[in-house]
Amino acid sequence: MNIISTDTYKIRFKDEGYAHLNELVASNNYTNFYVLVDENTKKLCLTTFKEKASFKFEIIEIKSGEIHKNLDTCLDVWNHLTNKNADRNSLLINLGGGVITDMGGFIASTYKRGIDFVNIPTTLLSMVDASIGSKTGINLNSIKNQIGLFSDPLSVIVDTDYLKTLSKREINSGYAEIFKHSIISNSNFKKLVENPNLAYDEDIIASSIELKNKVVKKDKFENNVRKHLNFGHTIGHAVESLFMNKKNKLLHGEAIAIGMICESYISSKINGLEIDIANEIKNHLNKLFTKVSFSKKDIDEICNLIKYDKKNHINIPKFVLLKDLGLVETDINVDMNLVSASFDYYSVKLY
């Protein structure tokens, strides 16, 4: 796989990425090295990283899960860095999934007004989405990514060998973002519908990363075209937030899959998308993800949570909807009654 260049950093694959990291360390520009992990990546991924790294580092471990992506965890890590005498020439390496790269980037970017960080995503979701694009952030009161900033990593290393540590459920969660990229670009859509096992394909992964990178390079700060990447996320983030404090939590991609089904239906009602395309999206995702039941109370709470979405303007929810595959429109007003109706569409089996 080739190196993918952003405006400010490069995304490298496997050994080429580790070689570059070791060169950075050997340059003597850094005084201390820290690797941020959770209990899962410490157990399943750290050994592989140690085999590739030619330098010594301090391990910082946090608890896994979206529920711990908050200021309390940040405070623990900032205190750890301070107690270990981390200075402004320290390097933080984020080894993990989306929670680790989102929060690790935020922690590094705010510690002593900013230290360098490297993202090494270990989940499919983080490889194709969270670790790239320069967004960092944490949740506030169970609302997704309410606190954060745009900050570039020094480098991103994509090593698909880490995917061997993941469950099928985790792979599917990442695949939801790959499939979203195919919908908004009309690239690889038919190929994925015919064979979702391509989620493991390195060329498909690289293609998905490249697609997001092209969008971000056009609109880093999400003023226009980058909003296309939020298809499925207005409802999806609200669904994810709803389940964050429940026993049966949803993974990010599972919530986004629900969001894409609902927002495809809404697109067919008010934005000209052919219902056959909405049905094709729904059928494909329903084959991969377990159906979730929503009560009227749940749907009312989801509609309330949508009010906190970052894309809103003057407290008015703004949706990203489809006109066709590869044809996306942004900043569309949607009545909450139609949002509620979209869950009826979600709950009905098609095939």
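Look above for the structure.
Rules used in this analysis
- Positions within a chain are numbered from 1, following the residues in the order the chain's sequence is written.
- Predicted model: local features are reported for residues with pLDDT of at least 70 only, side-chain atom pairs are reported and counted for 80 or more only, and whole-chain, interface and lining totals are derived from all residues.
- With hydrogens and water stripped out, all remaining heavy atoms of the structure feed into the side-chain values.
- A run of H or I in DSSP becomes a helix once it reaches four residues, and a run of E becomes a strand once it reaches two; helices and strands are each numbered from the N terminus.
- To estimate how far a helix should reach, multiply one less than its number of residues by 1.5 Å.
- In this scheme, a residue with accessible area under 20% of its type's maximum is buried, one over 50% is exposed, and one in between is partly exposed, where area comes from a 1.4 Å probe on protein chains only.
- Only heavy atoms enter the contact rule, under which two residues are in contact if any of them lie within 4.5 Å.
- Pairs of N or O atoms within 3.5 Å make up the polar contacts considered here, provided that, within protein, one atom can donate a hydrogen while the other can accept it, and that residues adjacent in sequence are counted only when both atoms are side-chain atoms.
- Between the N-to-C directions of two axes lies an angle of 0 to 180 degrees, each axis being a line fitted to C-alpha atoms and, for a helix, fitted only over the stretch in contact.
- In this scheme, roughly parallel covers angles under 35 degrees and roughly antiparallel covers those over 145, while 65 to 115 is roughly perpendicular and the rest are oblique.
- Whether a crossing is left-handed or right-handed is set by the direction in which the near helix is turned from the far one by less than a right angle, anticlockwise for left-handed and clockwise for right-handed.
- Residue polarity follows a fixed list, in which Ala, Val, Leu, Ile, Met, Phe, Trp, Tyr, Cys and Pro are nonpolar, Asp, Glu, Lys and Arg are charged, and the others, Gly among them, are polar.
- Strand pairing is assigned whenever DSSP identifies at least 2 bridges connecting the two strands.
- Using protein atoms alone on a 1 Å grid, points that fit a 1.4 Å probe yet trap it form a cavity, whereas open point sets bounded by protein on both sides within 12 Å along at least five of seven lines form a pocket; residues with an atom within 4 Å of a point count as lining.
- Grid points are joined across faces, edges and corners, and a volume is the space filled by probe spheres set on the points.

On to helix α9 (residues 202–218). Between its first and last C-alpha atoms α9 spans 25 Å; for 17 residues at 1.5 Å apiece the expected length is 24 Å, and the two agree. For α9, every residue scored as buried is listed here: I204, I205, A206, S208, I209, L211, K212, N213, V215 and V216. Packed against the buried residues of α9 are β1 (4–5), β2 (10–13), α6 (124–130), β9 (155–158), α7 (168–185) and α8 (189–194). One side-chain oxygen of the residue at the start of α9 lies 2.9 Å from the amide nitrogen of D203, identifying that residue as D201.

The next thing to look at is the packing of α7 against helix α11 (residues 252–270). For the pair α7 and α11, interaxial distance at closest approach is 7 Å and the crossing angle is 40°. In terms of orientation, α7 lies oblique with respect to α11. When the axes of α7 and α11 are compared, the crossing they make is left-handed. The residues of α11 that touch α7, namely those facing R169, S173, A176, E177, F179, K180 and I183, are H252, G253, E254, I256 and M260. In terms of residue class, the contact of α7 with α11 is made up of five nonpolar, three polar and four charged.

Moving on, we come to helix α5 (residues 98–110). Compared with the 18 Å implied by 1.5 Å per residue over 13 residues, the 18 Å span of α5 between its first and last C-alpha is a close match. When you tally the buried positions in α5, you get twelve out of 13 residues, the bulk of the element. Buried within α5 are the following residues: G98, V99, I100, T101, D102, M103, G104, G105, F106, I107, A108 and S109. Two residues or fewer after α5 comes K112, characterised by a positive phi angle close to 50°.

On to the pairing of strand β6 (residues 116–121), then. Consecutive residues of a regular strand have side chains that alternate between opposite faces of the sheet. With respect to burial, β6 is a largely interior element, five of its six residues being buried. Where strand β5 (residues 90–96) lies against β6, six bridges are found, and the strand directions are parallel. Paired with G96 across the strands is P121, a residue of β6. In this structure, β6 lies alongside β9, joined through two bridges in parallel fashion. Its bridge partner being in β9, V118 is matched across the sheet by S155.

To continue, consider the sheet that holds β2. Strand order across the open sheet formed by seven strands is β1-β2-β9-β6-β5-β3-β4, with mixed pairing between neighbours. Across the chains shown, the open sheet's two edge strands, defined by having one partner strand only, are β1 and β4 (58–62). Here five bridges tie strand β3 (residues 32–38) to β5, and the two strands are oriented parallel to one another. Following the sheet pairing, L36 is matched in β5 by N94. Along the sheet, α5 contacts β3, β4, β5 and β6; its crossing angle with β5, the most-contacted strand, is approximately 170°.

This next bit is on empty space enclosed by the protein. Tallied over the entire structure, the rule returns three cavities of 30 Å³ or more. Here the largest cavity is characterised by a volume of approximately 100 Å³. Lining the largest cavity are I143, K144, Q146, T234, H237, A238, S241, L305, I306, Y308, D309 and K310. The dominant element in the lining of the largest cavity, judged by the number of residues it contributes, is helix α10 (residues 233–243), at four residues. Of the residues assigned to the lining of the largest cavity, the class counts are five nonpolar, four polar and three charged. When its volume is computed, the second largest cavity comes out at roughly 70 Å³. Along its surface, the second largest cavity is lined by I178, H181, S182, S185, S187, N188, L192, I204, S207, S208 and L211. Within the residue set of the lining of the second largest cavity, elements represented by two or more residues are α7 and α9. Of the residues in the lining of the second largest cavity, the class split is four nonpolar, seven polar and no charged.

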